[in-house]
Amino acid sequence: MDTQPLSPAQTTWMTKVTMGTATLGLHWAVLLLPLMVFGVPTEEPTSGEAVASNLPGGCRWCCDPEDSLTPADAADVFPASLSGLPYVLPEVRPYINITILKGDKGDRGPLGIPGKPGKEGPRGDRGPQGTKGAKGQAGSPGGPCQTRFSAFSVGRKTALHSSEDFQPLIFDTVFVNPDGHFDMAAGHFVAPLRGLYFFSLNVHSWNFKETYVHVVHNDEAAVILYAQPSGRSIMQSQSVMLALAPGHRVWVRLFRRERENAVYSDDVDTYITFSGHLIKPEDD
């Protein structure tokens, strides 16, 4: 094939094109050289990792086919360990803003089981006195009033000699018997309430005669008043406290033994007295 020689103008133009292309290629080489030498960093290096300044195996063009890189060259260009890289890989830590994920406030849950009570604390100060409350309604009427007392005092103005058997001492003078609890005809006091009662007996003995008197609770002698025969007559007394139930009787009797038994009195003065009263009802 025949070629025509270039003219001086064509030679000059071709020279300029060649030089421009070389210059442009040189500029691209300068720009791409760091990328080919060091590679494009994708992550910051981890702390404490140092790498070599040059990759083994030389530089490669980005347009080279992948299969032209042998496994040995790939091992040299991309080492298995990243400790040879010239930069530090960054530590990726994901961060989630919880505030933007927070929902609305929910409903209040059910009340839990109460815990064990704690220790009792010290007693507090007394508070101020409150206002007076309104008057309440009247209650239902109560039961009928019951007698809460009992008393009597009787006397005898007539002397008495005992018979062969027990002989009740009958009284003919009333000092106190407001509710009639002492039966003057029988000479008995009849208890209206259950409780404690006090009784007192006073008699005057007869000269040279025995004085033997019982204070009787129902049918049994509770206490004895006794005086031996003497040339002088004297006053004798006896007292006793008894627990009685309603209907119980207390009375006085004379009893004759071997000697004559008598008590003295006259129409002018009262020498014989018998008294009693309720001290305390049982239900108080």
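Scoring rules and cut-offs
Residues numbered from 1 in each chain as written. Predicted model: local features only at pLDDT ≥ 70, side-chain atom pairs only at ≥ 80, totals over all residues. Heavy atoms only, no water. Phe/Tyr/Trp six-rings, centres within 6.5 Å; stacked < 30°, edge-to-face > 60°. Helix = DSSP H or I, 4+ residues; strand = E, 2+ residues; numbered from the N terminus. Buried < 20%, exposed > 50% of the residue type's maximum accessible area, 1.4 Å probe, protein only. Lys NZ or Arg CZ within 6 Å of the ring centre and 35° of its normal. Core = buried A, V, L, I, M, F, W, Y, C linked by side-chain atoms within 4.5 Å. Contact = heavy atoms within 4.5 Å. pLDDT = per-residue confidence, 0-100. Salt bridge = Lys/Arg side-chain N within 4 Å of Asp/Glu carboxyl O.

Enquirer: What's the story with the packing of aromatic side chains in this structure? I'm lost.
Expert: Two aromatic rings, taken as a pair, are described by how far apart their centres are and by the angle between their planes. A complete count under the given rule lists 16 aromatic pairs for this structure. For the pair Phe152 and Phe189, a centre-to-centre distance of 4.9 Å together with 20° between the ring planes defines the contact as stacked. With Phe152 in strand E1 (residues 151–156) and Phe189 in strand E6 (residues 188–190), the pair connects residues that are 37 residues apart, well separated along the chain. The two residues Phe152 and Phe189 agree in class, both being buried. Relative to Phe199, the ring of Tyr197 lies with its centre 6.4 Å away and its plane at 20°, an arrangement referred to as stacked. Looking at Tyr197, the relative accessible area reads 0%, which means it is buried. Among the aromatic residues, those joined into a cluster by ring pairs are Phe152, Phe171, Phe182, Phe189, Tyr197, Phe199 and Phe274. Seen from the ring of Trp206, Lys209 lies directly overhead, with NZ or CZ sitting 4.3 Å from the centre.

Enquirer: Hey, could you run me through the nonpolar core in this one?
Expert: Buried together is how nonpolar side chains tend to be arranged in soluble globular proteins. Counting residues in hydrophobic clusters, the biggest one holds 27 residues, and the most contacted among them are Phe171, Phe189, Tyr197, Phe199, Leu201, Leu244 and Phe274. Contributing elements (two or more residues each) for this core: E1, strand E7 (195–204), strand E8 (211–217), strand E9 (220–227), strand E10 (235–244), strand E11 (249–254) and strand E13 (272–281). The contacts of Leu201, once residues within four sequence positions are left out, are Val213, Val215, Leu225, Gln236, Ser237, Gln238, Val252, Thr273 and Phe274.

Enquirer: How should I be thinking about the confidence of the model for the protein chain in this particular structure?
Expert: As a general rule, the predicted coordinates of low-pLDDT regions are not to be interpreted in detail. Model confidence for the protein chain is summarised by a mean pLDDT of 76, while 66% of its residues fall at 70 or above. Mean pLDDT across the secondary structure elements of the protein chain bottoms out at helix H2 (residues 71–77), with 51, and peaks at E6, with 96. Low confidence marks residues 37–57, where pLDDT is under 50. Its contacts with residues over four positions away, or in another chain, come to 39 contacts.

Enquirer: In this structure, what is going on with the pattern of salt bridges? I would like to understand it.
Expert: Pairs may arise between side chains of opposite charge once their charged atoms sit close together. Tallying each qualifying case throughout the model produces 2 salt bridges. For Glu282, the salt bridge identified is with Arg194, shortest N-O distance 3.7 Å. Within this pair, whereas Glu282 is found in the segment after E13, its partner Arg194 is found in the loop between E6 and E7, the two being separated by 88 residues in sequence. Classification of Glu282 by relative accessible area gives exposed; the value is 53%. Note that Arg249 is salt-bridged to Asp219, the shortest N-O span being 3.4 Å.

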